[in-house]
Amino acid sequence: MNLLAATQLAVDSAWAVYAVGALLVVAGAAGVVLQRNPVHCALALVTAIFGIALLFVDQGADFLAAVQIIVYAGAIVILFLFVIMLLGVDRKEVRPPAKLRSLAPAGIVVGVVAVVELLVLSQVHYWATGYKGAAEALNGPGENVQKLGQSIFASYLLPFEMTSVLLVIAVVAAVILVRRNAQPGASAGHKTAASARPVAKAPGAGQATTAEAPDQPAAQQAHEPGAPGR
Amino acid sequence: MTVPGPWYLVLAACLFGIGATGLLVRRNILVMYMCIELMLNAVNLTFVTFSRMLNDLGGQDAVFFVLVVAAAEVVVGLGIIVAIYRRRSGATADDISSLKG
Amino acid sequence: MVNAAYAIVALPLIGFVINLVLGRRLGEPTAGWVGTVAAGGSFVATLVVWAHMLGQATAHRTTDLTIFTWFPVAGLHVNAGLIVDPLSMTMALFVTGVSTAIHMYSIGYMHRDPGFDRFFVYLNLFLFSMAVLVLADNFLFSFLGWEGVGFCSYGLVGFWFQREVAAVAAKKAFVTNRVGDTGFLLAMFLMFAHFGSLDYSAVLGPVALHGIAGTTATAITLLLFLGAVGKSAQIPLFIWLPDAMEGPTPISALIHAATMVTAGVYLMARVAPMLQYAHATAWVVASVGAGTALVAATIACSQDDIKKALAYSTVSQLGYMFLAIGAGDYVDGLFHMLTHAFFKALLFLSAGAVIHALGDCQDMKLMGGLRKYLPLTTIVFGAGWLAISGMPPFAGFWSKDAILASAWQMNKALWAAGVLTAGLTAYYMSRQFALVFSGQARWREARPVASPRTGGDHGTGGQEAPGTGLPAPAHAEATPKDPSWVMAVPLVVLAVGAVLGGLINLPFFHMDFLSKFLGPAFPTATAVRVSSSTKFWLFWATLAVAGTGLVLGLRTWQTAAHPRLEPRFLRRAWYVDDILAATVSGPMRAVASGLAFVMDRKLVDGLVNGVAGSLALSSRVVRRVQNGYVRTYALGIGIGVVVLLTYLTFRTGS
C-alpha cells in the first residue's frame with residue numbers, strides 16, 4: 001500500500017480519530033508532568049482534556065464530551081489559572097532546598113507498576129458479571145442526551161440530588177475557606193460555571209461580626225505557620 | 001469499524017499511570033492537583049469505554065457524577081490551597097508539614 | 001430450757017451489734033450498760049441452762065444443739081453447733097460471770113475515755129467469741145471463737161493505739177497467737193484426714209478412739225498443745241502476755257487473766273479422751289507447764305510495773321493448770337482455772353483501782369503506804385493476795401494443793417518445781433502487796449507520769465486528765481481514794497469468790513461438788529491415788545514453803561530499794577524476747593526487705609514499667625511514619641493501590 005492509500009485509510013478509519021485523541025491525551029499528560037512553569041502545565045492539561053473529549057465523541061458519549069469541554073477546560077482549568085496567578089507561582093520557581101528527598105524513583109515505580117497491572121487486569125475477562133445496570137442500553141433509539149437525561153432523572157435521581165447538595169456545600173466551604181480580615185483581593189469567589197455571585201464580603205468591617213468569625217482566625221492562623229504578619 | 005475497546009482501556013491506564021507518577025514527582029502543589037485531574041479523566045475514559053463495550057448507559061451516568069464531584073473537589077481544594085499559600089511564592093507541598101507525629 | 005444455751009451466745013452478739021451501730025450515739029455510760037446487760041443476760045442464761053442440767057441425771061447431761069449447717073462441703077460437714085455438757089458449762093459459767101463483773105467495772109474505769117463505745121463493742125465481741133469457743137461442738141467452730149478472741153485481744157490491747165508501744169504490743173499478741181494457731185490448724189487437718197470429721201463426738205468418742213495409733217494421737221494432741229501454748233502463754237510463746245498489759249486494766253483482767261488465756265487449758269481438757277492414748281504429749285504438757293510456772297515466777301519477782309508482775313503471775317498459774325492436765329487430773333486443773341479466774345481478775349481490777357486512784361501511775365516503786373487511803377482496795381487486794389499465795393482457807397490453796405498432789409504422783413521433779421513455784425508466788429505477791437500498800441508513801445514525791453490514755457509521746461507532760469484534752473483537775477495530785485460503786489461492786493463480788501471459791505471442791509466432808517459435776521466428763525482421768533498420809537505431809541510442806549515466801553516478801557519489801565534481788569536477767573525475762581528478736585525476727589526482717597527490693601522493686605515494678613516503656617518505645621518508632629509531608633502520604637496511597645491491584649491480578653478463581 002502506498003503512502004496515499006495509507007493516508008486515505010488513516011483519514012477514513014476510526015483509527016485516525018483514536019490516534020489523534022490518544023496523541024493529544026498523552027502529550028498533554030506528559031506536558032503536565034514535565035513542564036516547569038505551572039501555567040504551561042495548565043495549558044497541557046487543557047490539551048489532554050480536549051483529547052479526552054475527542055475520545056468521548058468517538059465512543060458515542062456526545063453530551064459528556066460537551067460537558068467535559070465546558071466544565072473541565074472551561075471552568076476547572078480556568079480556576080487553576082486563577083489560583084496560579086493569585087499566588088504568583090508562575091514566576092520562576094526559586095527552588096527552595098527540598099525538605100523531603102525526592103520521591104521520583106518511588107513515584108516512577110509506582111506509576112509503572114500500576115500501569116502494567118491495569119493492563120493485565122484489562123485483559124481479564126471474568127470481571128463482567130453480566131448484571132444489567134439500571135440504565136438503558138447505549139445503542140438504541142433516541143438521542144444520547146435524551147437517554148442520558150432520562151436515566152439520570154429517573155434511575156439515578158438520588159445521586160443527582162446528592163451531588164447538588166454537594167455542590168452547595170462546596171460553594172459554602174470555598175467561601176469560608178478564603179475569607180480574610182482586611183486584605184484586598186481577599187475574596188476569590190469560588191464557584192462553578194453556575195451563576196452564583198461571589199458572596200464573600202468586602203474586606204474589613206463586618207467580617208468579624210458574623211457567626212463564622214470564630215472559625216476564621218483559627219482556620220487561617222493554623223494554616224499559616226510561617227506567614228509574615230498580617 | 002471502530003477501534004476495539006481494550007485500546008481505550010490501555011490508553012486510560014497509561015494516563016492514570018502518568019498522573020500517578022506526576023503526583024508523586026512534582027512538588028508544586030497546583031501541579032500535583034492537576035495530576036489528580038489527569039487521573040480522574042483516565043477513570044472517566046474507562047467508564048465511557050466500558051459503557052460502549054457493555055452497551056450500558058450506566059457508565060456515562062457515572063462519568064456525569066464524577067465530573068460533578070471533581071468540580072466540587074477542585075473548588076474546595078483550591079480554596080484550601082489559597083488559604084494556605086497566600087502570598088507565598090514558590091510554595092511546595094512540603095511546607096505544610098506541621099501536622100506530624 | 002436447754003435452748004437457753006442459744007442466748008448465751010446470742011446476747012453478747014446482739015450487744016456487739018447494738019454498740020457497733022449505735023454506740024456513738026448512745027454514748028457514755030449507756031453503751032457501757034448495754035454491754036453489761038448483754039453480758040449479764042448471757043450469765044443468767046448460763047445459770048438457767050446449768051440449773052436445768054443439774055436436774056438431769058449424770059448420764060444425760062450432754063446435749064448437742066445445732067444452730068445451722070455451716071458448710072457442707074464434699075467430705076467435710078461442719079455445723080455451727082453448741083454442746084452443753086459439764087465441761088462447757090463450767091467454762092461458760094465463769095466466763096460469763098467474770099465478764100459481767102468486768103463489764104460493770106469498765107464503765108467506771110473507762111470514764112471519759114474518748115473510745116468508750118469502741119471499748120464495749122470489742123468487749124461484747126470478745127464475750128461472744130469466748131462463748132462460741134467454749135460452747136462449740138466441733139473443732140472448727142471452736143476455732144472460730146479462738147480466732148475471734150485473738151482478734152479482740154489485738155483490738156483491746158491496742159486500744160490506745162496512738163501509743164506506739166500499745167500498737168506494737170497488740171501486733172505481738174496477735175502474731176504470737178497465730179504462731180500457736182498453726183498448730184491448731186494442722187491438728188484439724190490431721191483430724192480430718194484420720195477421722196473424716198471435726199465434731200467432738202466424732203473425734204473424741206470412744207468408738208473413734210478405739211484403736212487409734214499412738215503416733216496419730218500424739219501428733220494431734222501435740223499440735224493442739226502448740227495452739228494452747230500460743231493462746232495460754234506458755235514457754236516459749238509467753239512473750240506477748242506481759243506486753244499485752246499496755247491495754248486497759250479491765251482487759252488485762254478479763255482476757256489475760258480469766259478467760260482468753262484459759263482457752264488453751266480448756267482445749268487440752270476437751271481432748272482428754274485422746275490424751276490417754278498420747279502419753280508423750282501428756283509428759284510434754286506437764287513438763288512445759290511446770291517449767292513455765294517456775295520460770296515465770298522467777299521473772300515476776302523482779303518486775304516494777306504492777307501489771308507486768310501480775311501478767312507473769314498469770315503465766316505461772318497457767319503453768320500449774322497445764323501441769324494438772326498433763327498429770328491426768330483434769331478436774332483439779334479446771335478447779336484451779338476457776339479459782340484463778342476469781343483471784344486473778346480480782347487482783348487486776350484492784351490494781352486498776354490503784355492505778356486509777358494515782359492518776360495512771362503503774363510503777364510500784366512510786367507507790368506505797370496506800371492502805372490508809374484506799375481501805376477497800378487494800379482489803380480486796382489482800383484477799384486476792386492470800387488466795388494466790390495458797391493460804392488456807394482461801395480458794396487458791398485447795399486447788400493448788402490438789403494439783404501438787406497429782407504432780408507428786410506423776411513425777412517428783414515436777415512436784416518440786418511446783419512447790420518451789422508456790423513459794424516464789426507467795427514471795428512476789430507479798431512483795432507486791434508491801435510495795436503498794438505499806439511502807440512509805442513514795443507517791444507523794446513522785447511526779448505525775450504521762451497517762452497512757454493521752455499517749456506518752458504527745459508531750460502533755462501528764463498535765464492532762466486521762467482520756468480528754470482538758471487540763472488536769474486537781475485530783476491528779478490530790479489524795480487517792482477508793483473507786484466509785486461502779487468499780488467497787490465487781491471488786492467485792494470477786495473478792496467473795498476468791499475467799500469462798502474453795503468451797504466448791506473441798507476434799508473432805510463430801511463437798512467435792514466440782515469433782516462430782518465434772519468427773520463424769522473425764523472418764524479417762526487419772527485417779528489420784530495418793531495416800532492420805534502422803535497428802536497430809538504434802539499439805540504441810542506446801543504450806544511451809546508458801547508461808548516462808550510470804551513472810552520473806554513482806555518483810556523485805558517494806559523498803560523499795562533492793563537492787564540485788566532484782567537481777568537484770570530476771571527483769572529482762574531471761575532474755576527470751578531478745579533471743580527471739582535476734583534469731584527469728586532479725587533474719588526474717590532481712591529476708592523480707594531483701595525480697596521487697598528484689599522481687600517487688602525490680603521484678604514486679606520492672607515488669608510493669610517495662611511493659612509501659614516498651615509501648616512508649618514502639619510508639620516512638622511508629623510515630624515517624626507521620627512526617628507531615630503530603631507527598632509521602634500520597635506515595636503511601638499509591639503503594640496501597642499497587643498492592644491492591646497486585647492482589648487482584650494474582651487472584652485465582654472468581
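These numbers were taken from a predicted model, which means no experiment stands behind them.

Parameters and conventions
Residues numbered from 1 in each chain as written. Chains lettered and ligands numbered in written order. Predicted model: local features only at pLDDT ≥ 70, side-chain atom pairs only at ≥ 80, totals over all residues. Helix = DSSP H or I, 4+ residues; strand = E, 2+ residues; numbered from the N terminus. Buried ≥ 20, exposed ≤ 12 C-beta atoms within 10 Å, placed from the backbone. Contact = placed C-beta atoms within 7 Å. Core = buried A, V, L, I, M, F, W, Y, C linked by C-beta atoms within 7 Å. Nonpolar A, V, L, I, M, F, W, Y, C, P; charged D, E, K, R; others polar. pLDDT = per-residue confidence, 0-100. Axes fitted to C-alpha atoms, helices over the stretch in contact; angles between N-to-C directions. Parallel < 35°, antiparallel > 145°, perpendicular 65-115°, else oblique. Left-handed = near helix turned anticlockwise from the far one by under 90°.

**Some words on the overall build of chain C**
In step 1: Check the secondary structure of chain C and you find 25 helices and two strands.
In step 2: Residue burial in chain C is summarised as follows: out of 654 residues, 51% are buried.
In step 3: Taking as baseline every contact in chain C between residues at least 6 positions apart, the subset at least 24 positions apart corresponds to 81%.

**What about the nonpolar core?**
In step 1: Within the largest apolar cluster, 210 residues are counted, with the highest numbers of intra-cluster contacts made by A131, L135, L323, A345, L346, V354 and A498 of chain C.
In step 2: Top element by residues in this core is helix α16 (residues 330-357) of chain C. It accounts for 19 residues.
In step 3: Discounting residues that sit within four places of it in the chain, A345 of chain C has contacts with V98, I102, A253, L254, A257, A258 and L494 of chain C.
In step 4: Ranked by size, the runner-up nonpolar core spans 86 residues in total, among them A44 and A170 of chain A together with F16 and I29 of chain B.

**Observations concerning the interface of chain C and chain B**
In step 1: On the side of chain B, 11 residues touch chain C, which itself brings 10 residues to the contact.
In step 2: When its residues are assigned to classes, the side of chain C that touches chain B shows four nonpolar, four polar and two charged.

**Digging into the environment of R24 of chain C**
Residue and element names in this part refer to chain C.
In step 1: Structurally, R24 can be placed in helix α1 (residues 5-26).
In step 2: Here R24 falls in the exposed class, since 12 other C-beta atoms lie within 10 Å of it.
In step 3: The spatial distance from the C-alpha of R24 to the C-alpha of R118 is 8.3 Å, given a sequence separation of 94 residues.

**A closer look at the environment of I49 of chain A**
In step 1: Along the polypeptide, I49 of chain A turns up in helix α3 (residues 38-58).
In step 2: Judged by the 24 C-beta atoms lying within 10 Å of it, I49 of chain A is buried.
In step 3: Considered as a pair, I49 of chain A and V77 of chain A are 28 residues apart in the sequence and their alpha carbons are 9.7 Å apart.
In step 4: Not counting residues up to four positions away in its chain, the partners in contact with I49 of chain A are Q68, Y72 and A73 of chain A together with N41 of chain B.

**Section: unusual backbone geometry**
In step 1: Put simply, I235 of chain C and P236 of chain C share a cis peptide bond, and its omega is -5 degrees.
In step 2: A positive phi angle is found at N55 of chain B, which is not glycine, with a value near 60 degrees.
In step 3: Relative to the helices and strands, N55 of chain B is located in the loop between α2 (29-54) and α3 (58-85).
In step 4: Positive phi outside glycine occurs at R112 of chain C, with the angle close to 70 degrees.

**Description of the confidence of the model for chain B**
In step 1: Taken residue by residue, chain B gives an average pLDDT of 85. The fraction at 70 or more is 89%.
In step 2: The secondary structure element of chain B with the lowest average pLDDT is helix α1 (residues 5-25) of chain B, at 89, and the one with the highest is α2 of chain B, at 91.

**A closer look at the packing of helix α15 (residues 306-327) of chain C against helix α19 (residues 412-437) of chain C**
All names here are of chain C.
In step 1: Two numbers describe how α15 lies on α19: the axes approach to 11 Å, and their chain directions differ by 160 degrees. One element, α15, and the other, α19, form an angle in the roughly antiparallel class. For α15 against α19, the interelement crossing comes out left-handed. Residue-level inspection shows I306, A309, S313, S316, Y320 and L323 of α15 in contact with α19, the latter providing L414, G418, T421, T425, Y428, Q432 and V436.
In step 2: Split into classes, the residues belonging to the contact of α15 with α19 amount to seven nonpolar, six polar and no charged.

**Regarding the packing of helix α2 (residues 14-34) of chain A against α2 of chain B**
In step 1: Remark: α2 of chain A packs on α2 of chain B, axes separated minimally by 9 Å, with the N-to-C direction vectors making an angle of 155 degrees. Here α2 of chain A is positioned roughly antiparallel relative to α2 of chain B, judged by the angle of their axes. As for the relative orientation of α2 of chain A and α2 of chain B, their crossing is left-handed in sense. When α2 of chain A is examined against α2 of chain B, the residues A29, V32 and V33 of chain A are found in contact with a partner set consisting of V31, M34, C35 and L38 of chain B.
In step 2: Class assignment of the residues belonging to the contact of α2 of chain A with α2 of chain B gives a composition of seven nonpolar, no polar and no charged.

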